[in-house]
Amino acid sequence: MPRPNSAPAPTPPAAPSGQPRTAGRHGVGEGLRNVYFLGIKEFYSLLRDYALLFVIVFMFTGAVLADARAKPDSLSNAAIAVVDEDQSALSQRLIDALQPPYFSPPRLISRADIDRGMDMGLDTFVLNIPPNFQRDVVNGRSPSIQLNVDATRQSQALVGSTYIENILASEVLAWMSGHRSNDLPLPARLVTHVKFNPNLYASWFGGITSIINNLTVLSIVLAGAALIREREHGTIEHLLVMPVTPLEIMLSKVWSMSVVVLCGGLFALLVMVRGVLGVHVSGSILLFAAGTLLYLFSTTSLGIFLGTIARSMPQFGLLVILVLLPLIVLSGAITPTESMPELVRYVMSLAPTIHFVAFAQGVLFRGAGLATMWPTLLAIAVTGSVFFWVASARLRRTIGQMG
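Attention now goes to helix α12 (residues 313-329). Counted at 1.5 Å a residue, the expected span for α12 with its 17 residues is 24 Å, and the 24 Å between its end C-alpha atoms agrees. Of the residues making up α12, those classed as buried are Phe316, Val320, Leu324, Leu327 and Ile328. Looking at the buried side of α12, the elements it contacts are α8 (202-233), α11 (285-309), α13 (342-348) and α14 (352-364).

By size, the foremost hydrophobic cluster in this structure holds 60 residues, and its most contacted members are Ile208, Phe288, Phe356 and Phe359. Mapped by element, the contributors of at least two residues to this core are α2 (50-59), α3 (62-69), α8, α10 (246-276), α11, α12, α14 and α15 (370-402). For this core, the element with the most residues is α8, which contributes 11 residues. Setting aside chain neighbours within four positions, we find Phe359 in contact with Leu287, Phe288, Gly291, Thr292, Met373, Thr376, Leu377 and Ile380. With 21 residues, the next largest nonpolar core counts Ile95, Phe125, Ile129 and Ile167 among its residues.

Remark: helix α1 (residues 28-47) packs on α8, axes separated minimally by 11 Å, with the N-to-C direction vectors making an angle of 90 degrees. One finds that α1 runs roughly perpendicular with respect to α8. Between α1 and α8, the contacting residues are Lys41, Glu42, Ser45 and Leu46 on the first element and Leu222, Ala226, Arg229 and Glu230 on the second. Class assignment for the residues of the contact of α1 with α8 results in three nonpolar, one polar and four charged.

Counted according to the given criterion, the structure contains two cavities of 30 Å³ or more. Of the volumes computed, that of the second largest cavity is approximately 30 Å³. Forming the walls of the second largest cavity are Ile212, Asn213, Thr216, Tyr295, Leu327, Ile328, Ser331, Thr353, Phe356 and Val357. Those elements that provide at least two residues to the lining of the second largest cavity are α8, α12 and α14. Looking at the lining of the second largest cavity residue by residue, the class counts come to six nonpolar, four polar and no charged.

Another point: the pairing of strand β1 (residues 80-84). For β1, a buried count of five out of five residues is recorded, marking the element as mostly surrounded by other parts of the structure. Summarising the sheet, β1 and strand β3 (residues 125-129) pair through five bridges and their orientation is parallel. Its bridge partner lying in β3, Ile80 is registered against Phe125. Pairing analysis gives two bridges linking β1 to strand β2 (residues 107-108), with the strands arranged parallel. When the bridges of β2 are listed, Val82 appears paired with Leu108. What joins β1 to β2 is helix α4 (residues 89-97), and the crossover it makes is right-handed.

Our next topic: unusual backbone geometry. The backbone of Asn132 sits at a positive phi, close to 60 degrees, despite the residue not being glycine. Mapped onto the elements of the fold, Asn132 is located in the loop between β3 and α6 (133-138). The partly exposed category is assigned to Asn132, whose relative accessible area is 37%.

In this structure the tally under the stated criterion is 10 salt bridges. Put simply, Arg229 and Glu42 hold a salt bridge, and the shortest N to O gap is 3.9 Å. Note that Arg229 is positioned in helix α8 and Glu42 in helix α1, a separation of 187 residues in sequence. In terms of burial, Arg229 and Glu42 fall into one category: buried. Its salt-bridge partner being Arg107, residue Asp123 comes within 2.7 Å of it at the nearest N-O pair. Of this pair, Asp123 sits in the loop between α5 (114-119) and β3 while Arg107 is found in strand β2, placing the two residues 16 residues apart along the sequence. Note on Asp123: relative accessible area 1%, which makes it buried.

Turning our eyes to something else, we now look at the packing of α10 against α11. Running from N to C, α10 and α11 cross one another at 135 degrees; their axes reach a closest spacing of 8 Å. Judged on the interaxial angle alone, α11 and α10 are oblique. Relative to α11, α10 is oriented so that their crossing is right-handed. Of α11, the residues touching α10 (which contributes Met250, Lys253, Val254, Met257, Ser258, Val261, Leu262, Leu266, Leu269, Leu270 and Arg274) are Ile285, Phe288, Ala289, Thr292, Leu293, Leu296, Phe297, Thr300, Ser301 and Ile304. Its residues assigned to classes, the contact of α10 with α11 comprises 15 nonpolar, four polar and two charged.

Now for the side chain of Asn214. Tracing the backbone shows Asn214 in helix α8. The class of Asn214 is buried, set by a relative accessible area of 6%. The contact partners of Asn214, leaving out residues within four places of it in the chain, are Met59, Phe60, Ala63 and Val64.

The topology assignment puts Phe316 in helix α12. Take Phe316: its relative accessible area is 3%, and that puts it in the buried class. In this structure, the C-alpha to C-alpha distance between Phe316 and Ile228, residues 88 residues apart in sequence, is 8.4 Å. In this structure Phe316 touches Ile220, Val221, Gly224, Ala225, Ile228, Gly303, Leu306, Gly307 and Ala310, once residues within four positions along its chain are discounted.

Glancing now at the environment of Glu85. Mapped onto the elements of the fold, Glu85 is located in the loop between β1 and α4. Judged by its relative accessible area of 28%, Glu85 falls in the partly exposed class. Between the alpha carbons of Glu85 and Asn128 there is a distance of 7.5 Å; along the sequence they are 43 residues apart. Ignoring sequence-local partners within four residues, the contact set of Glu85 consists of Arg111, Asn128, Ile129, Pro130 and Pro131. A polar side-chain atom of Glu85 sits 2.9 Å from a polar atom in the side chain of Arg111.

Conventions and cut-offs
- Residues numbered from 1 in each chain as written.
- Predicted model: local features only at pLDDT ≥ 70, side-chain atom pairs only at ≥ 80, totals over all residues.
- Heavy atoms only, no water.
- Helix = DSSP H or I, 4+ residues; strand = E, 2+ residues; numbered from the N terminus.
- Expected span 1.5 Å × (residues − 1).
- Buried < 20%, exposed > 50% of the residue type's maximum accessible area, 1.4 Å probe, protein only.
- Contact = heavy atoms within 4.5 Å.
- Core = buried A, V, L, I, M, F, W, Y, C linked by side-chain atoms within 4.5 Å.
- Axes fitted to C-alpha atoms, helices over the stretch in contact; angles between N-to-C directions.
- Parallel < 35°, antiparallel > 145°, perpendicular 65-115°, else oblique.
- Nonpolar A, V, L, I, M, F, W, Y, C, P; charged D, E, K, R; others polar.
- 1 Å grid on protein atoms, 1.4 Å probe; cavity = no way out; pocket = protein on both sides within 12 Å on 5 of 7 lines; lining within 4 Å.
- Points joined across faces, edges and corners; volume = space filled by probe spheres on them.
- Pairing = 2+ DSSP bridges.
- Right-handed = clockwise from strand over helix to strand, strands pointing away.
- Salt bridge = Lys/Arg side-chain N within 4 Å of Asp/Glu carboxyl O.
- Left-handed = near helix turned anticlockwise from the far one by under 90°.
- Polar contact = N/O pair within 3.5 Å; in protein donor to acceptor, adjacent residues only side chain to side chain.

See below:
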């Protein structure tokens, strides 16, 4: 009996050139499952990369402490000695003003011990108050005070000389205002109160600034390295035949690396900065964490974009150096944005780093809330969306060429 004619099954059209070989569309729930499990895979891959694990631990522990305690532009417990040849109330007031945290408690020595103490390295500064100093000040004769400085200690010599000059000038003026009854009082008295970091410890600013910079560095490095690791280990071909899309691949790397960096940043803030350094952060930690997560959304996207350009880890390292230097130096964390040229400020406003630095400093330094910082968060979200869209398009094109 003859078989009825049957048409051959239609052949599915070939994927256009430049498109990834992935399965057809699937639901949102399945896509979220793919993003979740691919992110878990990134955690396992990172745990096997001991070099990156060491970098993460060091950047949020030792690097934070080193940046906080090794500031060349700050003065901390500088050794100072005083030769008090006046033995007056004013000279004693000047000695009492030279106290920690800037200076160690002053040593009282004689004139004959000046050279010996500096030659032995006991004193960085020696202040010599001449005889009749208080009497000359009262009579308006403007006497001089000799300051001997050990210039071999370069970082402390220049900064400390300025500190001592300002301290002595303010103390003399304050003493004279209370001993000259014939002078007219000032119509207003200016009193300065420092809300955050009242003692102006440089380590307080240095520790938090180090966390801000390390968040940028690690988020870019980890996201880009995760993509290059797929290529070097040959697992990128496995992704090409799986029912996943380039967007899901990118989202998995973004959320997993963001979680790693966010946890490290919060550990450094709560344990290293607040616990070890003793910094009192009055701002909302929850608000800072939310803003940091939004910021990591853009920096991890930038890292993936650089990972699609580089063909190997050494190439990626060179690209990261070229990108990170302007992002960090011109972000406002090291130098204030007000001192930058107008063109540089305009160009940097297109990057999320300058907005995140303003957000982090506002929350952690000044205790600002959401009502104050929402424009900054909006700027971070807008720039991050642009970074994510560009990186996603580049990753789609790169995977399509591999397929």
